[in-house]
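Below, each chain spelled out in residue letters.
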Amino acid sequence: MTQHSAQTPSTSPGDGPARDHRVVVLGGGYTGMFAAIRLARRTRRSNVRITLVNPSPRFTERLRMHQVAAGQELADIAVADLLAGTGITFVQGRATALDPGARTVTVAPTGADGAPADGTPVTLPWDTLVYALGSAADTGRVPGAAAHAFTLDGIPAAARFSARLGEVAAAGGTVTVCGGGLTGVEAATEIAEAHPGLAVTLISGEEPGALMGERARAHLVRALDRLGVTVRSGVRVARVLPDAVELSSGERVRSDACLWTAGVRVGPLAADAGITVDERGLIVVDATLRSVSHPRVHAVGDAAAVELAWGRVHGTCQSGLPTAQYTADTVARALRGKKVKPFRFGYIHQPVSLGRHDAVIQFTHPDDTPRRLWLRGRAAVRYKEFVSGSPVPSMRLSRRMNVTATVSRGGRRTRTPADPAPARVSAA
Ligand SMILES: Cc1cc2nc3c(=O)[nH]c(=O)nc-3n(C[C@H](O)[C@H](O)[C@H](O)COP(=O)(O)OP(=O)(O)OC[C@H]3O[C@@H](n4cnc5c(N)ncnc54)[C@H](O)[C@@H]3O)c2cc1C
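Scoring rules and cut-offs
- Residues numbered from 1 in each chain as written.
- Predicted model: local features only at pLDDT ≥ 70, side-chain atom pairs only at ≥ 80, totals over all residues.
- Heavy atoms only, no water.
- UniProt positions renumbered as here; feature names shortened; annotations may be inferred.
- Helix = DSSP H or I, 4+ residues; strand = E, 2+ residues; numbered from the N terminus.
- Rg over C-alpha atoms; globule rule 2.2 N^0.38 Å.
- Buried < 20%, exposed > 50% of the residue type's maximum accessible area, 1.4 Å probe, protein only.
- Contact = heavy atoms within 4.5 Å.
- Patch = residues over 30% accessible without salt bridge, like charges linked within 9 Å, V, L, I, M, F, W, Y side chains within 5 Å.
- Areas by Shrake-Rupley, 256 points an atom, 1.4 Å probe, with all protein chains shown as cover.
- Salt bridge = Lys/Arg side-chain N within 4 Å of Asp/Glu carboxyl O.
- Lys, Arg positive; Asp, Glu negative; His and termini not counted.
- Charge placed at Lys NZ, Arg CZ, Asp CG, Glu CD.
- Axes fitted to C-alpha atoms, helices over the stretch in contact; angles between N-to-C directions.
- Parallel < 35°, antiparallel > 145°, perpendicular 65-115°, else oblique.
- Left-handed = near helix turned anticlockwise from the far one by under 90°.
- Nonpolar A, V, L, I, M, F, W, Y, C, P; charged D, E, K, R; others polar.
- Pairing = 2+ DSSP bridges.
- Domains from an automatic or database assignment.
- Buried area = accessible area lost by both parts, 1.4 Å probe.
- Polar contact = N/O pair within 3.5 Å; in protein donor to acceptor, adjacent residues only side chain to side chain.
- Near = heavy atom within 4 Å.
- pLDDT = per-residue confidence, 0-100.
- Right-handed = clockwise from strand over helix to strand, strands pointing away.

As recorded by an unreviewed UniProt entry, the protein chain carries the name FAD-dependent oxidoreductase and is attributed to Streptomyces mangrovisoli. Its UniProt record, at the heading Cofactor (unreviewed entry), says of the protein chain: "FAD". Checking UniProt for the protein chain, the heading Sequence similarities (unreviewed entry) contains the comment "Belongs to the NADH dehydrogenase family."

And the structure:
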């Protein structure tokens, strides 16, 4: 088990609680990393000890996994480097069991690629837990998807798919992308652009870009057409076979490699621990993003079921980073005995890359419905690159100052039937 301490945690006797307050952040993706760094900054003069748990020693820029699939190299960003100077302890490993009663988490060792490795698990005690385990492609609902489809779940998975694409392209074969959401569209266009000789079929229940306004959607459809992507929309995948995708009509679409982007699922850790989760396994939170069953557990990002006045927040980086920022600030305020306000959030855009040379940005109302304003072409490419590239510099800057990840303040506040009013949290 690898443990790095970027710096000895500061403790100042007489300033705050008598013993260290132990915060464990599970998951070092966009939200866990941002929450940990911001909390370290906010509590730097108090005796708060923060530990971050992540299976890989490398930070995964999940927003760019379709680029890895298309054969592009990403910057190698070490978790330890992002945490340098923060005082946060990094424990490399995978959380395998959570005991909210005893307030412990068991962490099993992992290797350099984040996969399970030999070694003895460790048990980490915590006073406050930040649950930021994200989500992964849901390959469990359609037979054959888990066995035969590739995913974009991390760099090793995306790199495996990339290698297979090279083989299929060399043989003039066909790749299918199942799922016509924005991730599927980004993957299909990126692949088609990188491999002009490859036949790419996008299979989707809905029209690609269905949530966008008419003009932005038309641009997206034109880009798919220009790049030669065949779109099969309004169909359901019934089965994934080694060499085909079978539709519910019984028709088989040839597929030498299948990428699965149709829906996401979360891991069972929270549900197995008896924490209240929704029908998809996401932690049900109150207006301050604490678990409704275990208030010392704060959930952020894709793993949290956040209900706003206009409805459920869907898992994106755009909404996840504000949950991380809010939680870091909330825990820090609670430790100082201060009141906290309910979480607020509103969407501002749907940014979609269409290969490296085109993109489309649909600006939105806080509830993610489209506004009239949209962008395409070069301006959209630059905008999208700024969106994808900004989280890591924001994290680096957060080590020294309070950087805001909340791009919109226009959204309505969180709402839960049980807890409609501004609340005070008890994280200590
Ligand atoms: C190709 C692609 C493109 C996308 N593009 C966009 C976009 O343009 N805009 C947008 O807003 N969103 C986009 N998203 C969605 C976005 O990436 C997610 O919403 C975001 O990553 C969620 O952040 P998170 O911190 O909750 O989860 P993640 O970033 O997935 O981080 C979770 C972390 O937890 C770790 N982990 C998992 N299980 C364990 C365990 N048991 N123990 C310890 N650690 C564990 C994981 O290894 C990972 O490091 C895209 C997603 C994909 C796949």
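### A closer look at the overall build of the protein chain
Of regular secondary structure, the protein chain possesses 11 helices and 26 strands. The globule rule puts the C-alpha radius of gyration for 428 residues at 22 Å, and the 22 Å found for the protein chain is close to it. Overall, the protein chain is about 70 × 50 × 35 Å in size when its C-alpha atoms are taken along their principal axes. Looking at the protein chain residue by residue over its 428 residues, the buried ones come to 54%. Of the contacts formed within the protein chain by residues at least 6 apart in sequence, a portion of 68% connects residues at least 24 apart.

### What about a positive patch on the surface?
The grouping of Arg333, Arg336, Lys338, Lys341 and Arg344 at the surface amounts to a positive patch. Structurally, Arg333 is set in helix 9 (residues 317-335). Take Arg333: its relative accessible area is 32%, and that puts it in the partly exposed class.

### Considering the packing of helix 1 (residues 30-42) against helix 9
It is at 8 Å that the axes of helix 1 and helix 9 come closest, and there the two elements cross at 30°. It follows that helix 1 is roughly parallel to helix 9 by the angle criterion. Relative to helix 9, the crossing made by helix 1 is right-handed. Counting all contacts with helix 1, which are made through Tyr30, Thr31, Phe34, Ala35, Arg38, Leu39 and Arg42, the residues of helix 9 involved are Cys317, Gly320, Leu321, Ala324, Gln325, Ala328, Asp329, Val331 and Ala332. Here the residues of the contact of helix 1 with helix 9 sort into 10 nonpolar, three polar and three charged.

### A look at the sheet that holds strand 24 (residues 349-353)
Strands belonging to one sheet form pairs held by backbone hydrogen bonds; the direction of such a pair is parallel or antiparallel. Here we have three strands laid out as an open sheet, ordered 24-25-26, and antiparallel in their pairing. Each having just a single partner strand, strand 24 and strand 26 (370-376) make up the two edges of the open sheet. For this sheet, the mean angle separating the axes of adjacent strands, direction not counted, is 15°. With respect to the sheet, helix 10 (residues 377-389) is in contact with strand 24, strand 25 (359-364) and strand 26, its orientation differing from that of strand 25 by roughly 75°.

### A closer look at the sheet that holds strand 11 (residues 174-178)
Pairing is parallel across the open sheet formed by five strands, whose spatial order is 10-17-11-12-13. Sheet topology places strand 10 (149-150) and strand 13 (230-233) at the edges, where each strand pairs with a single neighbour. The pairing of strand 12 (residues 199-204) with strand 13 spans four bridges and is parallel. By the bridge assignment, Leu202 is partnered in strand 13 with Val231. Sitting on the sheet, helix 6 (residues 182-194) touches strand 11, strand 12 and strand 17 (257-260), and the angle it makes with strand 12 is about 170°.

### Quick notes on the UniProt feature "domain: FAD/NAD(P)-binding" (unreviewed entry) in the protein chain
The feature "domain: FAD/NAD(P)-binding" (unreviewed entry), as annotated in UniProt, sits at residues 22-309 in this numbering. Counting secondary structure, residues 22-309 comes out at 25% helix and 28% strand; the distance between its end C-alpha atoms is 33 Å.

### Remarks on the domain arrangement of the protein chain
On domain assignment, one finds that the protein chain holds domain 1 (2-135 + 266-341) and domain 2 (137-260). The C-alpha centroid of domain 2 is placed 32 Å from the C-alpha centroid of domain 1. Taken residue by residue, the interface counts 11 residues in domain 1 and 13 residues in domain 2. Here domain 1 and domain 2 share an interface that buries about 1100 Å² over both sides, 68% of which is from carbon and sulfur atoms. Three residues, Met65, His66 and Ala69, lead the burial of domain 1 against domain 2; their summed loss comes to 48% of the area buried on that side. At the surface where domain 1 touches domain 2, the tally comes to zero salt bridges. Put simply, domain 1 and domain 2 have two residue pairs in polar contact (both at pLDDT 80 or more) between them.

### A look at the site of the ligand
Contacts to the ligand come from 28 residues, most closely from Thr31, Asn54, Arg62, Cys317 and Lys384. A distance of 2.7 Å is found between an oxygen atom of the ligand and a side-chain nitrogen or oxygen belonging to Thr31. Backbone polar atom of Thr316 to an oxygen atom of the ligand: 3.4 Å apart, as the coordinates give it. Calculation on the ligand without its partners gives an accessible area of 990 Å², and the protein chains cover 87% of this total. Those elements that place two or more of their residues in the shell around the ligand are helix 1, strand 3 (48-54), strand 5 (94-99), helix 6 and helix 9. Here the residues of the shell around the ligand sort into 10 nonpolar, 13 polar and five charged.

### Describing the side chain of Glu246
Tracing the chain through its elements places Glu246 in strand 15 (residues 244-247). Within polar-contact distance, the side chain of Glu246 engages the side chain of Arg252 at 3.1 Å. Those residues in contact with Glu246 that lie beyond four places of it in its chain are Arg236, Val237, Ala238, Arg239, Leu241, Glu251 and Arg252.

### Things to note about the confidence of the model for the protein chain
In the predicted model, the protein chain carries a mean pLDDT of 91, and 90% of its residues have values of at least 70. Low pLDDT (under 50) marks residues 5-17, which in the prediction has 26 contacts with non-local residues, meaning those over four places away or in another chain.

### Describing the pairing of strand 2 (residues 21-26)
When you tally the buried positions in strand 2, you get five out of six residues, the bulk of the element. Across six bridges, strand 2 lies against strand 3 in parallel orientation. For Val24, the partnering residue across the bridge sits in strand 3 and is Thr51. Handedness of the β-α-β unit built from strand 2, helix 1 and strand 3 comes out right-handed. Note: strand 2 against strand 8 (residues 128-131), four bridges, orientation parallel. Note on strand 8: the bridge partner recorded for Leu26 is Tyr131.

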